[in-house]
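Residue strings, one per chain:
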Amino acid sequence: MLARRPALVYHPAVKPLLLEIGTEELPPSFIAPAATELERQFRALLTEHDIAASESEVFYTPRRIAVRFAAVATERPARTVEVQGPPAKVAFGSDGRPTKTAIGFARSQGCTEKDLFTKPTPKGEYVFACRKEPALPTIALLADRLPAIVAGLPFARTMRWREDKTRFARPIRWLVCLFGTEVVRFELAGVATGNMTYGHRGTTGPVCIPAATDYEQILAEQFVLCRPLARRKAVIDSIEKLCEESGGRPVLDPELVEETVNITEYPVPILCRFDPAYLELPAEVLITALKKHQRCFAVRGADEKLLPLFVAVADTPGCNQTLVGRWYEHAVESRLRDARFYFEQDLAKGLEALVEEEKRVTWIEGIGTYFDKTQHLRAICRHLVQTVRAADAAALDRAALLAKADLLTSMVREKEFTSLQGRMGGIYARLAGEPALVADAIAEQYRPVTTDDALPATIEGALLGIADRIINIVGTFATGEIPTGSEDPFALRRQAAGLLAIILRHNLEINLNQLISTTVGLFPTARPELSAKLEAFFQERLEAMLGDKDVPYDIADAVLGVAMEHPTRALAAATALIEFRRRPEFERLIIGQKRVANILKDQQVSGQPDPAIFTEEAEIQLWNQARIIEPQVTRAMAQFDFVLALELLLKLREPIDRLFDEVMVMAEDEKLRTNRLRLMFYIRSLFHKVADLSRIVLDGDAR
């Protein structure tokens with residue numbers, strides 16, 4: 001027998017591929033997301049057409065967004081594509097013959113109706129056709145499809161600068177698209193692609209990129225560090241070196257570092273100085289003034305105290321650093337002078353005097369003033385402190401009274417210092433001689449601001465933060481501004497997530513439904529159905545948080561079905577169930593609870609069973625065992641030992657199984673039937689102390 005020849009393996013030719021979009025300066029927050037999306041859509045295009053592509057990399061600066069693939073196949077291979085057509089019931093008549101719709105679909109795919117076939121889909125039976133596509137040069141595909149990808153990049157805001165309908169974040173000034181050394185020809189917004197890019201604004205004229213692989217080197221020669229990671233490293237390393245030479249270290253605020261990377265093409269750090277007299281200002285004020293007004297980095301000494309130094313980052317290679325530094329120093333001096341004036345003015349007035357002024361400032365239109373909000377804060381804090389006994393009630397009430405006063409201070413009202421809300425209130429409270437608990441609570445009330453921000457460290461700060469968020473959410477809901485889809489203009493989802501994060505972090509036994517109803521009661525115009533909407537809103541947020549903590553969806557469903565109003569208990573129960581799921585007897589326990597749930601479905605049952613009516617030994621055994629473990633389960637849950645609670649409930653598995661094997665629950669005798677249903681209801685109530693186990697999905701369940 002002749003040996004079979006090995007199958008030929010086709011190795012298509014590959015080339016590097018580069019696309020650069022040159023623009024006017026882009027807003028810093030737009031750049032990285034747009035570059036990432038460009039890379040994603042570019043790769044999706046290649047994948048859609050079965051064009052092999054290697055790893056890719058994004059590049060960006062304020063004036064350009066680019067993506068480069070190290071190797072891309074030069075040809076889309078010939079292929080057969082399966083195309084979905086109309087529903088089968090539309091494509092074929094009752095006699096099974098193709099309709100005009102089917103004939104038209106077949107014609108559009110270059111085949112006849114005899115070539116059509118049907119397949120089931122999630123939406124039902126549909127007609128399909130196989131379309132043969134010949135091989136196609138990659139460069140032709142790119143020229144056809146890339147204009148739409150570039151034009152469709154999403155931005156928070158776009159602009160028009162031509163008479164046509166082209167929109168982009170900023171005007172497009174040049175386009176580079178190279179496949180190896182060959183230009184991929186297309187035009188967008190009146191700009192044709194080529195191999196000519198532009199260097200730093202300080203350089204003159206366009207520069208040729210001979211090949212896609214030369215991109216970084218060519219731009220580096222023109223004072224552009226196009227790789228963002230390289231630019232970030234250059235910023236951090238050079239700033240740290242400058243500060244080290246002066247005996248300090250920079251305050252490398254991550255947000256400021258990222259912004260600096262996104263506003264420079266060739267960062268040039270310059271060490272500057274300010275009058276040491278300004279060190280009398282709080283460190284937060286100095287750092288914020290430098291960051292928000294001039295995008296400069298503060299400098300700390302070995303003792304962690306600020307030094308009269310700062311680092312400015314210019315985007316002007318070869319500049320006279322002495323002159324540029326003086327300009328920065330002059331600008332910073334002016335801003336720090338203003339900050340000192342605001343600070344001294346606020347200290348002279350004090351926070352308590354501003355509480356009365358809150359009556360003249362609207363909080364939410366149609367809902368009330370900031371003075372009204374302050375009274376709401378105090379009321380909710382009084383409610384919370386009844387549950388969380390560890391909190392100092394007097395300190396919390398005082399913090400709630402002063403919590404919003406700093407919003408009326410000169411410092412916080414200035415746009416560069418609005419981010420200091422709360423923190424400035426804490427500073428002013430401490431300087432006014434308020435107790436540390438009061439000052440700390442005021443300073444912590446807005447934490448967490450972002451998902452990676454620190455949570456309040458004190459119980460008082462935690463409760464004040466919870467009160468602030470629930471009042472904001474309920475007040476906004478009361479106006480009808482309820483988040484829908486991606487629309488959430490008042491960041492209510494973020495506030496709800498922060499509220500829940502605080503509860504979980506401090507293990508607070510707060511009843512969320514009671515908190516909601518108490519807060520709704522503060523708003524006389526609130527509609528009766530508002531509480532239900534708020535409960536659903538928080539359940540959605542809690543489900544998302546449990547998912548982020550890797551809680552399986554069915555376990556989250558099981559615990560939230562009975563404990564949504566207790567977030568801390570819900571998380572503890574979910575954690576215990578995840579551990580318990582590994583045990584072999586877990587499945588039998590779940591099956592028993594599913595049978596209980598099925599029997600009680602649509603049954604109107606209430607009250608305790610009467611042991612005197614039991615007629616079967618299995619009933620008596622289950623009742624007695626349940627009565628023995630009930631107080632033990634209650635104690636275990638009081639100690640947050642949900643694993644022990646499940647261990648105890650597991651003792652009911654065999655009695656439950658025996659009951660179903662030996663007793664007809666739905667007896668013909670109404671008295672017996674009602675009593676047995678009450679027993680089932682009682683057993684379910686014990687399990688519901690932990691979770692609704694009937695919602696757990698087992699292998700083979702319909703999902």
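Calculation rules
- Residues numbered from 1 in each chain as written.
- Predicted model: local features only at pLDDT ≥ 70, side-chain atom pairs only at ≥ 80, totals over all residues.
- Heavy atoms only, no water.
- Helix = DSSP H or I, 4+ residues; strand = E, 2+ residues; numbered from the N terminus.
- Buried < 20%, exposed > 50% of the residue type's maximum accessible area, 1.4 Å probe, protein only.
- Contact = heavy atoms within 4.5 Å.
- Areas by Shrake-Rupley, 256 points an atom, 1.4 Å probe, with all protein chains shown as cover.
- pLDDT = per-residue confidence, 0-100.
- Pairing = 2+ DSSP bridges.
- Axes fitted to C-alpha atoms, helices over the stretch in contact; angles between N-to-C directions.
- Expected span 1.5 Å × (residues − 1).

A tally of helices and strands in the chain yields 26 helices and 20 strands. Out of the 703 residues belonging to the chain, those deemed buried represent 49%. Long-range pairs, those at least 24 residues apart, make up 69% of the contacts in the chain between residues at least 6 apart in sequence. When the accessible area of the chain is evaluated, it comes to approximately 34500 Å², of which 50% is carbon and sulfur surface.

Quick look at the confidence of the model for the chain now. Predicted confidence across the chain gives a mean pLDDT of 92, with 98% of residues reaching 70 or more. Confidence over residues 1-11 falls short of pLDDT 50; this stretch has one contact with residues more than four positions distant or in other chains.

Spatially, the four strands line up as an open sheet ordered S15-S17-S18-S16, and their pairing is antiparallel. If you trace the sheet from one side to the other, it starts and ends with strand S15 (249-250) and strand S16 (268-273), each paired once. Strand direction decides the pairing type here: S15 and strand S17 (residues 297-300), joined by two bridges, are antiparallel. Of the residues in S17, the one forming a bridge with Pro250 is Val299. Here helix H8 (residues 283-294) sits on the sheet and contacts S17 and strand S18 (306-314); the angle it forms with S18, its principal contact strand, is near 15°.

Now for helix H19 (residues 530-548). In an α-helix, one turn spans 3.6 residues, which is why side chains three or four residues apart end up on the same side. For H19, spanning 19 residues, the distance from its first C-alpha to its last is 27 Å, which sits close to the expected 27 Å at 1.5 Å a residue. Residues Leu530, Ser531, Leu534, Phe537, Phe538, Arg541, Leu542, Met545 and Leu546 constitute the buried set of H19. If you follow the buried residues of H19, they end up packed against helix H16 (459-478), helix H17 (492-505), helix H18 (512-520), helix H20 (553-563) and helix H21 (567-580). Remark: Asp550 follows H19 within two positions and exhibits a positive phi of approximately 65°.

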